[in-house]
Amino acid sequence: MEGKAHKAALYAAALIMGILWFILSGCSRSIPELIPDPPQLLKAFTCEIQFSMEGLEGTAHLERPGRSGELQSASEAAVNTENGLELCFSAPDTLSGVSVLFLDGRARIQIGEVMSDFLTVPNGQEAVLPDGAFISVLGKAIEQASLPSQPKENWSQDKDNSEWIFTGTLAGSLDEPASYLGSFRLTVSNDGLPVSLAVDDAGISVQFSQVCPVI
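Read on for an overview of the structure. All values derive from a computational prediction rather than experimental measurement.

Another point: the environment of P39. Structurally, P39 is set in the loop between α1 (2-28) and β1 (45-53). P39 gets classed as buried once you look at its relative accessible area, which sits at 12%. A C-alpha to C-alpha distance of 7.7 Å links P39 and V188, two positions 149 residues apart in sequence. Non-local contacts of P39, meaning those with residues more than four positions away in its chain, are made with W155, W164, V188, S189, N190 and G192.

Written out as structure tokens, the structure is:
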């Protein structure tokens, strides 16, 4: 009897040790970090911007999409007008009073009553807005960051978890696929408000302020 009791005690002890090992080894395993979903950039907003581009500094009022839908022709109903921009420059003096509409590679520049349209088309029969133009870079960066299909890996949080940073790449137009404008970083608040944009290769930096959603 004593032998059976001894064996039973050893079995129970071994069972308890096995359970403890299972529990403790499970607790010691690394738990994958839960990364929250990045914010959705506002589709429509107005704001003030302060920018710098290769030494040129200035300010402007920005609206997304603003009046950019005016650039859409009747035959292009598929163009997403949400990705358009309207800029009204207030500084420097050489740009003060200049308004620019941008949509899908098209731009209209207005100075007082004088307007000029620029189209990015491959046949060379129209004036071409360069891929590196300030409003083109600004529009493409905001459009890219606002796409809900962007992989989560393109987003990262700052050290305080108070803002998100979207990292993307600006490529050239379809008629110049080899052109490369470099990578960019668009900082967005947890509420989906743009905070800043940096395109180092193009020498462009933008600070957004007084951002207001448009309903």
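Okay, unusual backbone geometry next. With an omega of 0°, the peptide bond between R64 and P65 qualifies as cis. As for its placement among the helices and strands, P65 is situated in the loop between β2 (56-64) and β3 (85-91). Along the chain, A91 connects to P92 via a cis peptide bond; the corresponding omega equals 5°. Within the fold, P92 resides in the loop between β3 and β4 (98-103). Of note in this structure, E54 is not a glycine but carries a positive phi near 50°. In this fold, E54 is placed in the loop between β1 and β2. For E54, a relative accessible area of 67% corresponds to the exposed category. Even without glycine at this site, Q210 takes up a positive phi of about 50°. In this fold, Q210 is placed in strand β11 (residues 204-213).

The next point concerns the pairing of strand β5 (residues 106-111). When β4 meets β5, the two strands line up antiparallel, connected through 6 bridges. Paired with V98 across the strands is I111, a residue of β5. Turn length for the β4-β5 hairpin, with the two strands adjacent in sequence and antiparallel, is 2 residues, and the turn residue D104 shows positive phi of about 50°.

With that settled, the discussion passes to the packing of aromatic side chains. Describing an aromatic ring pair means giving the distance of the ring centres and the angle of the ring planes. One pass over the structure, following the stated rule, counts 5 aromatic pairs. Centroid distance F51 to F134: 4.8 Å. Interplanar angle 35°. Geometry classified as tilted. Here the residue F51 occupies a position in strand β1, and F134 occupies one in helix α2 (residues 134-146), the gap between them amounting to 83 residues. With respect to burial, F51 and F134 carry one shared label: buried. With a centroid separation of 6.4 Å and an interplanar angle of 75°, the aromatic rings of W155 and W164 are classed as edge-to-face. Assigned by exposure class, W155 and W164 land together as buried.

A word on the nonpolar core. One finds I49, L87, F134, L138, L197, V206 and F208 to be the most contacted residues of the largest nonpolar core, which totals 35 residues. The dominant element in this core, judged by the number of residues it contributes, is α2, at 7 residues. Excluding residues that lie within four positions of it along the chain, L197 makes contacts with L138, A141, F184, R185, L186, I204, S205, V206 and F208.

Moving on: the environment of L95. One can find L95 in the loop between β3 and β4. With a relative accessible area of 24%, L95 lands in the partly exposed category. Sequence-wise, L95 and A60 are 35 residues apart; in three dimensions their C-alpha atoms are separated by 9.4 Å. Among residues more than four places away in sequence, those in contact with L95 are F51, L56 and F89.

Definitions and limits used
Residues numbered from 1 in each chain as written. Predicted model: local features only at pLDDT ≥ 70, side-chain atom pairs only at ≥ 80, totals over all residues. Heavy atoms only, no water. Helix = DSSP H or I, 4+ residues; strand = E, 2+ residues; numbered from the N terminus. Buried < 20%, exposed > 50% of the residue type's maximum accessible area, 1.4 Å probe, protein only. Contact = heavy atoms within 4.5 Å. Pairing = 2+ DSSP bridges. Phe/Tyr/Trp six-rings, centres within 6.5 Å; stacked < 30°, edge-to-face > 60°. Core = buried A, V, L, I, M, F, W, Y, C linked by side-chain atoms within 4.5 Å.

No statement about biological role is implied by the geometric values presented.
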